[in-house]
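One-letter residues, chain by chain:
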2 protein chains.
Amino acid sequence: MFSTQTYIERRNTLKRTVGSGLILIMGNEEAPMNYHDNTYRYRQDSNFLYYFGISLANLSAVIDVDSGEEIIFGDEFSMDDIIWVGPQPTLADQSRKVGVYRTEPYAKLASKLATASKVHFTPPYRYENKFKLSEWLNIPVSQLKEKASASLIKAIVAQRSYKSTEEIVQMEEAVNICREMHIAAMRETKAGRKEYEIAAIIHGKALELGGELAYPIIFSINGQTLHNHYHGNTMTEGRLALNDSGAENSMFYAGDITRTIPVSKKFTEQQKEIYNIVLQMELSAIEALKPGIQYKEIHLLANKILLEGLSDLGLVKGNVDEMLAEGVQGLFMPHGLGHAIGLDVHDMEDLGENYVGYAEGQQRSTQLGLKSLRLAKELEEGYVLTVEPGLYFIPELIDKWQSEKKFTNFVNYDKLAQYKDFGGVRIEDNCLITADGHQILGKPIPKTIDEVEALKN
Amino acid sequence: MFSTQTYIERRNTLKRTVGSGLILIMGNEEAPMNYHDNTYRYRQDSNFLYYFGISLANLSAVIDVDSGEEIIFGDEFSMDDIIWVGPQPTLADQSRKVGVYRTEPYAKLASKLATASKVHFTPPYRYENKFKLSEWLNIPVSQLKEKASASLIKAIVAQRSYKSTEEIVQMEEAVNICREMHIAAMRETKAGRKEYEIAAIIHGKALELGGELAYPIIFSINGQTLHNHYHGNTMTEGRLALNDSGAENSMFYAGDITRTIPVSKKFTEQQKEIYNIVLQMELSAIEALKPGIQYKEIHLLANKILLEGLSDLGLVKGNVDEMLAEGVQGLFMPHGLGHAIGLDVHDMEDLGENYVGYAEGQQRSTQLGLKSLRLAKELEEGYVLTVEPGLYFIPELIDKWQSEKKFTNFVNYDKLAQYKDFGGVRIEDNCLITADGHQILGKPIPKTIDEVEALKN
């Protein structure tokens, strides 16, 4: 936990920005898996963690901006709880550590909200919170998202987007856990092994280092499937394994790292050609990071390198800028270059992607690839973001575009047919925007062909 | 997946038992962790798995008992889905494999339900399903549990309680994964290591063998806390580590195993005395398992051995049967001896514990320990259940009883004070009730003091 003062200051800033009304920050309940009492691992809501720091189920908090009053609502433990889950510090004690000196039973929250003239809330993403909010505020569940407080959302984004020095310490710790996960995966990836065996090692490493998974592991020889959570394949010589896996550390800050590993001891020549295009995209994109540049520009810069590389290989032909404008690259990288990261791997995605990643009035593209770009706006000092270019050969998408005769003037579909069993490559690091540029978080993680191959021996 | 015929027969049996009306079996959605799209690992509902076999989010199914019609409601994949999650067999193809030949878009389910004169449903445990059901059937969320169909619940319990030969094959596989988890934990438990390092090995082993955790790991030097999911302690010489961890296999059948391990290479004499009481409780309870005996009787048998053992050590005094009747044992084992296990670690707990574990009219005790007994009724061939006696020294509970002068005629509180830092011991196996007795599932897992110590060297 950070210092008491940190939490007090965060809430004071929030009060000043929001200006008036009652701010409600709902914590998360336990999440049932296959019956009420068999739950997934507990994960507190990130806004609650940011302003109130306590990782405990069944809490919610209010901040009365007008009176300055702050209350955490929750129930104290009973003797039955102590038998089943052990002795716990009281809620009152835990609240004091984050500078909140008033606690109330959870059941009293509804009447507190009823007395407020204006309740600011964020869009709930868990159904139990949707349901509670709907009952308390008498708003149909289907309208909760639109009735959420834009001023609260903007105020939170205006705080959480800028990572403090003490947050960066946590984020570097998270990335360093990721580093161990990825190095272990590189060492253990071998023909004949199942993907889930390596996923097990990756997950185990996160836990062993006191962390948890920040998001479900992607470890697949079918890297062309962007969010592939299937781990049932046996790895075979000559394939690439794409490993997109990250930990959150004990303070719940996320790392999000991708590396692509040859199943064999060495990359093939074809793999090296594609891999080095992606590596060049990543290095150039990172090099360009600094305050004042739009991240959309960096996305396009990386995609230009992609098209140039494919042009050199004869997979596309024609004017690169023209292809870029028309969106040919969507066939090869149908996702965005990156996103904000912090307490959430897609930071603050619960608040709405456009609030986090787009400036007011900045339009989101509908082009394949760009439409999935979560962060497009001008970068500022203190932002932390991922840079994660990829290059994929997605047979179903190639077939679709070819059958639609899409971009036949640019795409060499005949030659492309030779790559249909290639899979995909993605390389990803997490970067802080500094006053005069950028910094890659954490200790370096093997990334060049030589570095990756060296771990395979 | 089991054979098509298996699923067809299960549904036919269900139809015959329920008799009339429309049976609704809701599948599970993805469960959001810290925002909508960052989800926990997917776990399908166990009733859906039992009758429809498909482990895929956003499905629900109906069985029209009167017409015999069976429909799975869900949406086919789009090209966007293929890009993000990969090519998938169509829902229609997957449904055919479980003998269902009609699928409909999910949006059509509401109107199907609206035309039914009677909809049988089970009590929903996930909020999104509560919410959907409430909307569809116009029943307030708070009344869904009482409005659930008792005839459907009883019909499901009447099927799922009896494990078929093909289910037992799966359950033995699950226990054999547990075995590797526990052996690894015994080998790696050492002074100086963090609990979470061992929890990581346990979890990793489940994943490496193609399974998943069936429930959150309990691995703790504070075994006296029954459901202790905190793994932050450093293990120290002379403590006991209690490991209650189990896998579900790739067919989602659960194993639930507990062993207690000395952190040092050997048990101390005091630990041996307590450990051997629990071992005797477990072995005697298993020995007594057979069709026709009430599980409550076996719970009491184990507790009698507990009291006899503590009497020999001078921790309690007086007539054992009298103590048993009055509930003195609740101080030392404040939980039940075991529960049904199958697709759920507490099998069918979503349907209601009493439906699963108690005969009609059989009263549940309010005594500490017995009140937590999930399975009390007469055993029958085909049941699978856990046998998990424990013996704990819970300082807060001892202090409470002593201050209340509870059972001062039976409990030697002065001597008990010497055990307040002991922790707890639990030993657990999974057993099938056979025609003439019982069978412990899976390969034997080290259990005696000698067997456990042998792995520590």
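Chain A is annotated in an unreviewed UniProt entry as Xaa-Pro aminopeptidase from Emticicia soli. Under Cofactor (unreviewed entry), UniProt gives the following word-for-word description of chain A: "Mn(2+)". Check the Catalytic activity (unreviewed entry) section of the UniProt entry for chain A; it says "Release of any N-terminal amino acid, including proline, that is linked to proline, even from a dipeptide or tripeptide."

Draft legend 1. Just the nonpolar core, in detail. Membership of the largest hydrophobic core comes to 152 residues, with the highest contact counts inside it found for Leu24, Leu289, Tyr295, Phe332 and Phe393 of chain B. Excluding anything up to four places from it in sequence, Phe393 of chain B contacts Gln224, Ile274, Leu315, Phe332, Ile398, Leu416, Tyr419, Lys420, Phe422 and Gly423 of chain B. Among the nonpolar cores identified, the runner-up in size contains 150 residues, and Leu307, Leu331, Tyr392 and Leu441 of chain A belong to it.

Draft legend 2. The arrangement of the environment of Leu370 of chain B in detail. All names here are of chain B. With respect to the element layout, Leu370 can be found in the loop between α14 (353-357) and β13 (384-387). For Leu370, a relative accessible area of 8% corresponds to the buried category. Residues Leu370 and Leu300, spaced 70 residues apart in sequence, show a C-alpha to C-alpha distance of 8.7 Å. Not counting residues within four places of it along the chain, the set of residues in contact with Leu370 comprises Lys296, His299, Leu300, Tyr358 and Ser365.

Draft legend 3. Up close: the UniProt feature "domain: Aminopeptidase P N-terminal" (unreviewed entry) in chain A. According to UniProt, the feature "domain: Aminopeptidase P N-terminal" (unreviewed entry) maps to residues 2-130 of chain A in the numbering used here. Strand forms 19% of residues 2-130 of chain A and helix 36%; the C-alpha atoms that close the span are 29 Å apart.

Draft legend 4. View of the packing of helix α6 (residues 127-137) of chain A against helix α6 (residues 127-137) of chain B. The N-to-C vectors of α6 of chain A and α6 of chain B enclose an angle of 50°; their axes lie 7 Å apart at closest approach. Judged by the angle between their axes, α6 of chain A and α6 of chain B are oblique. Contacts between α6 of chain A and α6 of chain B involve Tyr127, Glu128 and Phe131 of chain A on the former and, on the latter, Tyr127, Glu128 and Phe131 of chain B. Residue composition of the contact of α6 of chain A with α6 of chain B, grouped by class: four nonpolar, no polar and two charged.

Draft legend 5. Focus on the pattern of salt bridges. Residue and element names in this part refer to chain A. This model, assessed by the stated rule, comprises 66 salt bridges over all chains. Taking the shortest distance from any N to any O, the salt bridge between Glu69 and Arg102 comes out at 2.2 Å. Of this pair, Glu69 sits in the loop between β4 (60-64) and β5 (70-73) while Arg102 sits in the loop between α4 (91-97) and β6 (103-104), and the two are 33 residues apart along the sequence. We classify Glu69 as partly exposed; its relative accessible area is 25%. One salt-bridge network, in which partners are shared between bridges, spans Arg41, Arg43, Glu212 and Glu248.

Draft legend 6. Representation of the domain arrangement of chain A within the structure. All names here are of chain A. Domain annotation of chain A identifies domain 1 (4-160) and domain 2 (165-455). Taking only C-alpha atoms, the centre of domain 1 and the centre of domain 2 are 34 Å apart. Facing the 20 residues of domain 1 at the interface are 18 residues of domain 2. Between domain 1 and domain 2, the buried area comes to about 1600 Å², and carbon and sulfur atoms account for 54% of it. Looking only at domain 1, the three residues that lose the most surface to domain 2 are Arg41, Val157 and Arg160, adding up to 34% of its buried area. Summed over the shared surface of domain 1 and domain 2, the number is seven salt bridges. Ionic pairing is found between Arg41 and Glu248, a salt bridge with its closest N-O pair at 3.0 Å. Examining the composition of the side of domain 1 that touches domain 2, we find that six residues originate from one element, helix α8 (residues 150-160), more than from any other. The residue makeup of the side of domain 1 that touches domain 2, split by class, is nine nonpolar, five polar and six charged.

Draft legend 7. Main features of the sheet that holds strand β4 (residues 60-64) of chain B. Residue and element names in this part refer to chain B. Here we have five strands laid out as an open sheet, ordered β6-β5-β4-β1-β7, and mixed in their pairing. With partners counted over all chains shown, the strands left at the sheet margins are β6 (103-104) and β7 (119-120), one partner each. Here strand β5 (residues 70-73) pairs with β6 via two bridges, running parallel. Across the sheet, Ile72 pairs through a bridge with Thr103, a residue of β6. Contacting β1 (22-26), β4, β5 and β7, helix α1 (residues 4-18) runs over the sheet at an angle of about 55° to β4.

Draft legend 8. Highlighting the interface of chain B and chain A. Between chain B and chain A, the contact holds 62 residues from the first and 62 residues from the second. When the two sides are added together, the surface that chain B and chain A hide from each other amounts to roughly 5200 Å², 65% of it contributed by carbon and sulfur. Broken down residue by residue, the surface that chain B buries against chain A is led by Tyr35, Ile83 and Trp84 of chain B, which jointly contribute 15%. At the boundary of chain B and chain A, one finds zero salt bridges. Element by element, the count of residues in the side of chain B that touches chain A is highest for helix α10 (residues 195-208) of chain B, at seven residues. Partitioned by chemical class, the residues of the side of chain B that touches chain A number 31 nonpolar, 17 polar and 14 charged.

About the cut-offs
Throughout, a residue's number is its position along its own chain's written sequence, starting from 1. As they are written, the chains are lettered A onward and the ligands numbered 1 onward, keeping that order. With pLDDT at 70 or above as the cut-off, local features in this predicted model cover only qualifying residues; side-chain atom pairs require 80 or more to be listed or tallied, and sums for whole chains, interfaces and linings still use all residues. Here the side-chain values reflect all heavy atoms present in the structure, with hydrogen atoms and water set aside. UniProt positions are given in the numbering used here, feature names are shortened, and annotations may be inferred rather than shown by experiment. Think of a nonpolar core as a cluster: buried Ala, Val, Leu, Ile, Met, Phe, Trp, Tyr and Cys residues, connected wherever their side-chain atoms sit within 4.5 Å. Note on exposure labels: buried denotes an accessible area under 20% of the residue type's maximum, exposed denotes more than 50%, and partly exposed covers the range between, all computed with a 1.4 Å probe on protein chains only. By definition, residues are in contact when any of their heavy atoms lie within 4.5 Å. For the purposes of this entry, the term helix denotes a DSSP run of H or I that reaches at least four residues, the term strand denotes a run of E that reaches at least two, and both are numbered from the N terminus. Think of each axis as a best-fit line through the C-alpha atoms, taken over the contacting stretch in the case of a helix, with angles from 0 to 180 degrees between the N-to-C directions. Angular relationships are summarised with four words: roughly parallel below 35 degrees, roughly antiparallel beyond 145, roughly perpendicular across 65 to 115, and oblique for the angles in between. Here the nonpolar group is Ala, Val, Leu, Ile, Met, Phe, Trp, Tyr, Cys and Pro; Asp, Glu, Lys and Arg are the charged ones; every other residue, Gly included, is treated as polar. Salt bridge, as used here, is a side-chain nitrogen of Lys or Arg placed within 4 Å of a carboxyl oxygen of Asp or Glu. For every domain, the bounds stem from an assignment made automatically or drawn from a database. In this description, buried area is defined as the sum, over both parts, of the accessible area (probe of 1.4 Å) that is lost when the two are combined. DSSP-based pairing: two strands are paired if at least 2 bridges between them are found.

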